[in-house]
Amino acid sequence: MIGILVSMLFVFSTHQVRVAMDFKNVVAFQVVTLCISLAVANSDFSYPAVFNFGDSNSDTGELAAGLGFLVTPPNGQSYFKPPSGRFSDGRLIVDFLMDAFKLPFLNAYLDSLGLPTFRHGCNFAASGSTILPATATSISLFSFGVQVSQFLRFKGRVLQLLQGKKFDQYVPSEDYFEKGLYMFDIGQNDLTGAFYSKTLDQVLASIPTILLEFESGIKKLYDLGARNFWIHNTGPLGCLATVIAKFGTNSSNLDELGCVSSQNQAAKAFNTQLQALCSKLKAQYPDANVTYVDIFTIKSNLIANHSKYGFEQPIMACCGYGGPPLNYDSRVFCGLTKILNGTTVTAKACNNSSVYVNWDGTHYTEAGNQYVASQILSGNYSNIHLAEKMPFLL
């Protein structure tokens, strides 16, 4: 009942504040925070730790730490102020979920500075990562298989440290590995990257191979003691400004929302097979909790009905160069300055990121991420296991 009430409150409130002119975006943003706070106040989360695997949608600094990738301002401007290794103006979906779990933000596995603590989990997600093994042209070396191997080393090292009793406050307790939540948000780069060299039919044909690799990683984690799995499907890839700029120059390739149809078709096919895999895993491991989260529907609804939720720009990037309709130029990424045709240009941030869904053409703004998190926490886009684990959703 609380979950339903929260969703109704969010929709009603954000619709009403749209008439409040200068205050509407602030109020809408606060309403989402209120919804999450109400959910948290009525919840009894039993996860002592979270172990996250993924790509840039949930990377809290892994690529920056692991490869020395420089994440420049204005990334982080809305919350962290200096860049935090996240590709957004502020917090990511995983950050809002950690808040809901009443746990601190996850530190990146490879980030050794600032006295990081891994007491309540660890984040192995790295921007640019794929499920399939990395190649010579991959942005990230930390594919899903590598992230699983990193977890194996992490767990082994933690168990060694626990014997000495000196680092208990910095590492998870041994039972946290079984009681903890294992979250996954990966696969987007396998699909989007494939379209640069493959046809739609070829991309569709590659999905079973991608998911076979994903299943292999899940099984390894299960054998290592993991029992609580929270698996996000992939979002509407065809609605990203970077994809539209590359593959949407011909209007016949776009759907009614202005998104690239082929990319979204591939995402839907991937999600259908991923959901089938989740059902298979639940049958194969009856002692495990496998939760499938429909991110595609949440994000598609946000884009289609953005104005109802207090947003003005569903697709155009806040931080970019080129102006409407996409404000995205692949030659100048967010925060960078380059010389184009003899002119020095800078990809700057918009004045008010809270009315934008998309931050830099690929990633969401903090406001967009917060909306998605609020819908995840409503329980309306997950299977029954999520409701069982979170009584307030009933």
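Residues numbered from 1 in each chain as written. Predicted model: local features only at pLDDT ≥ 70, side-chain atom pairs only at ≥ 80, totals over all residues. Heavy atoms only, no water.

Undergrad: Teacher, can you tell me more about helix α8 (residues 200–223) here?
TA: Turn by turn, an α-helix covers 3.6 residues, leaving residues three or four places apart pointing in a common direction. Helix length check: α8, at 24 residues, gives a terminal C-alpha distance of 35 Å against a target of 34 Å (1.5 Å per residue), a fit within 8%. Approximately 30° is the largest bend angle found in α8, and it occurs at I207, with the proline P208 only one to four residues beyond. Taken together, the buried positions of α8 are occupied by V203, S206, I207, I210, L211, F214, E215, G217, I218, L221 and Y222. In this structure, the buried residues of α8 make contact with β1 (50–54), α5 (144–164), β3 (181–185), α7 (188–194), β4 (228–232) and α10 (261–284). Just downstream of α8 lies G225, where phi reads positive at about 110°. (Helix = DSSP H or I, 4+ residues; strand = E, 2+ residues; numbered from the N terminus. Expected span 1.5 Å × (residues − 1). Bend = angle between axes of the 7 residues up to and from the residue. Buried < 20%, exposed > 50% of the residue type's maximum accessible area, 1.4 Å probe, protein only. Contact = heavy atoms within 4.5 Å.)

Undergrad: Mind showing me how you'd approach a nonpolar patch on the surface here?
TA: Together, L67, F69 and L141 make up a nonpolar patch on the protein surface, roughly 280 Å² of accessible area in all. The topology assignment puts L141 in the loop between β2 (121–123) and α5. (Patch = residues over 30% accessible without salt bridge, like charges linked within 9 Å, V, L, I, M, F, W, Y side chains within 5 Å. Areas by Shrake-Rupley, 256 points an atom, 1.4 Å probe, with all protein chains shown as cover. Salt bridge = Lys/Arg side-chain N within 4 Å of Asp/Glu carboxyl O.)

Undergrad: What am I meant to see in the sheet that holds β4 here?
TA: Note on sheets: strands pair through backbone hydrogen bonds, and any given pair is parallel or antiparallel. The sheet built from five strands is open, its strands ordered β2-β1-β3-β4-β5 with parallel pairing. Single-partner strands in this sheet number two, and they are β2 and β5 (289–293). Here the strands of the sheet are splayed against their neighbours by 15° on average, with no regard to which way each runs. In the sheet, β4 pairs with β5 via five bridges, with the strands oriented parallel. Its bridge partner being in β5, F229 is matched across the sheet by V290. Running over the sheet, α10 touches β4 and β5 and is turned about 165° from β5. (Pairing = 2+ DSSP bridges. Axes fitted to C-alpha atoms, helices over the stretch in contact; angles between N-to-C directions.)

Undergrad: I tried to follow the nonpolar core on my own but got confused; where do I start?
TA: Taken as a class, soluble globular proteins show a tendency for nonpolar side chains to be buried jointly. F184, F214 and F229 are the most contacted members of the largest nonpolar core, which totals 90 residues. In terms of residues, this core owes the most to one element, α8, which gives eight residues. Ignoring anything within four residues of it in the chain, the contact list for F214 reads I131, F144, F184, I186, I231, L274 and L277. In this structure, C318, C334, Y356 and W359 belong to the second largest nonpolar core, which totals eight residues. (Core = buried A, V, L, I, M, F, W, Y, C linked by side-chain atoms within 4.5 Å.)

Undergrad: It is not clear to me how the pairing of strand β6 (residues 313–317) should be interpreted in this structure. Could you clarify?
TA: Where a strand is regular, its side chains alternate between the two sheet faces. Across the five residues of β6, four count as buried, placing the element largely inside the fold. In the sheet, β6 pairs with strand β9 (residues 356–358) via two bridges, with the strands oriented parallel. If you follow Q313 over to β9, its bridge partner there is Y356.

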